[in-house]
Amino acid sequence: FDAYRALKEAAFASMDSLDRFAQLLSGIQKSAASSGTQDGPEAIKLGLGYLLIGDIHTAIAWLEKARPSALREYHVGIALRDLRRYQDAVARFEAAARDGWDKLDCDCQRAECCLLAGDVDTAARIVNEHSGAGQSAAAWHYARGRLLQEQGDLVGAIDAFEAALGLDCDHAHAMFHLAYLLDLHGSDERARELYYRCSELPFVHSHALMNLAVILEDRAEYEKATTCLRRVLAVNPNNERARLYLKDVLAARDMYIDEVQLKAQEKHDAVMDIPVTDFELSVRSRNCLKKMNINTLGDLLRITEAEL
């Protein structure tokens, strides 16, 4: 698992490294096709690789070809969870635990799947089973936070997500849900900080980018909000919410009035409206200006010196 996490960080370090990673996957797939044996070590590598870049269906297809192992079962469970096939995912996490994967980790994944499927009682039972050993695991505090969130104890959920991040500062799901709850409670600054941190992780939750865009729009930071939404649409062009938000942000940006510029303009207009009679001019000068229909300082500045 640590090697897989390190691979994720390396692959998403830059656009160049991500391109290189995609090339490596393509090379492994060609090698598997040319050898005619698609159930060897290449299958697990391709399955994990495609899962890493978000191609869930291709990932499952390759993982199912791989030899049975705890590693395979656990990550098929992750993929099925992302496809919202929660009962199937629960079965895979149970199999992974039987085959030797960390039981606490698998049970935390099972608990979240049960919550997503609407089975709060089963999720609560699973979380409570690990109330002792789970205190030192970020995954358990996250699962407990999700349970409390579902039960309506938002303050308790916030504390649980904070505890998860205290143990794993890059726990993406805990970070997102904590930001979401803080946003609901009006803690915009902390929520914005957490959404920014989410946006810098190797794997970004699209809802984190959209929620960050809403906060940035409220702060009149339209260019930054637009960038967040374009990142979502670059990966998922058919995301209706992101497209709607982007349309609203672009409209708000066009309607934006710079208060400082507005005040400066008002001051400038007031100066331009000063009557020429307020200046110390001779009677002859005043009469000449009147004949030229020059009544204010603004009128005076609209003609050239030669015309005057």
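As shown above, the structure is provided for reference.
Residues numbered from 1 in each chain as written. Predicted model: local features only at pLDDT ≥ 70, side-chain atom pairs only at ≥ 80, totals over all residues. Heavy atoms only, no water.

Re the pattern of salt bridges
Think of it this way: side chains of opposite charge can pair up when their charged atoms draw near. Enumeration according to the criterion identifies 18 salt bridges in this entry. We note a salt bridge from R72 to E73, for which the minimum N-O separation is 2.7 Å. Relative accessible area serves as the criterion here: at 10%, R72 is assigned to the buried category. Measuring nitrogen to oxygen at the nearest pair gives 3.7 Å for the salt bridge that ties E112 to R146. Taken together, the residues E112 in helix α7 (residues 103–116) and R146 in helix α9 (residues 138–151) connect sequence positions 34 residues apart. A network of salt bridges, in which partner residues are shared, links E189, R192, R219, E221 and K224. (Salt bridge = Lys/Arg side-chain N within 4 Å of Asp/Glu carboxyl O. Buried < 20%, exposed > 50% of the residue type's maximum accessible area, 1.4 Å probe, protein only. Helix = DSSP H or I, 4+ residues; strand = E, 2+ residues; numbered from the N terminus.)

Points about the packing of helix α12 (residues 188–199) against helix α13 (residues 206–218)
Orientation of α12 relative to α13, taken along the N-to-C sense of each, is 140°, at an axis distance of 9 Å. The orientation of α12 with respect to α13, classified from their angle, is oblique. Of the two elements, α12 crosses α13, and the hand of that crossing is left-handed. Residues D188, A191, R192, Y195, Y196, C198 and S199 of α12 lie in contact with α13, whose contacting residues are A208, L209, N211, L212, I215 and L216. Within the contact of α12 with α13, the residues separate by chemical class into nine nonpolar, two polar and two charged. (Axes fitted to C-alpha atoms, helices over the stretch in contact; angles between N-to-C directions. Parallel < 35°, antiparallel > 145°, perpendicular 65-115°, else oblique. Left-handed = near helix turned anticlockwise from the far one by under 90°. Contact = heavy atoms within 4.5 Å. Nonpolar A, V, L, I, M, F, W, Y, C, P; charged D, E, K, R; others polar.)

Remarks on the nonpolar core
For soluble globular proteins, the rule of thumb is that nonpolar side chains tend to be buried together. Of all hydrophobic cores here, the largest spans 45 residues; its most connected members are L51, Y74 and F93. Those residues in contact with F93, other than ones at most four positions away along the chain, are Y74, G77, I78, C106, Q109, R110 and C113. Listed in part, the 37 residues of the second largest apolar core include L194, C198, L216 and A252. (Core = buried A, V, L, I, M, F, W, Y, C linked by side-chain atoms within 4.5 Å.)

Let's talk about the environment of W101
Structurally, the position occupied by W101 is in the loop between α6 (86–98) and α7. Since its relative accessible area comes to 14%, W101 is described here as buried. A sequence separation of 190 residues divides W101 from K291, and the C-alpha atoms of the two residues are 96 Å apart. Those residues in contact with W101 that sit more than four places away from it in its chain are F1, A70, L71, Y74, H75, A96 and C106.

Quick word on α7
The end-to-end C-alpha distance of α7 is 20 Å, a good match for the 20 Å that 14 residues give at a rise of 1.5 Å each. Taking burial as the measure, the 14 residues of α7 include 12 buried ones, the bulk of the element. Those residues of α7 that sit buried are L104, D105, C106, D107, C108, Q109, R110, A111, E112, C113, C114 and L115. Those residues of α7 that are buried lie in contact with α5 (70–82), α6, α8 (120–129) and α9. Measuring from the backbone nitrogen of L104 back to the side-chain oxygen at the start of α7 gives 3.4 Å, which picks out D102 as the cap. G118 lies just past α7 and shows a positive phi near 90°. (Expected span 1.5 Å × (residues − 1). Polar contact = N/O pair within 3.5 Å; in protein donor to acceptor, adjacent residues only side chain to side chain.)

On their own, these measurements won't tell you what the molecule is for.
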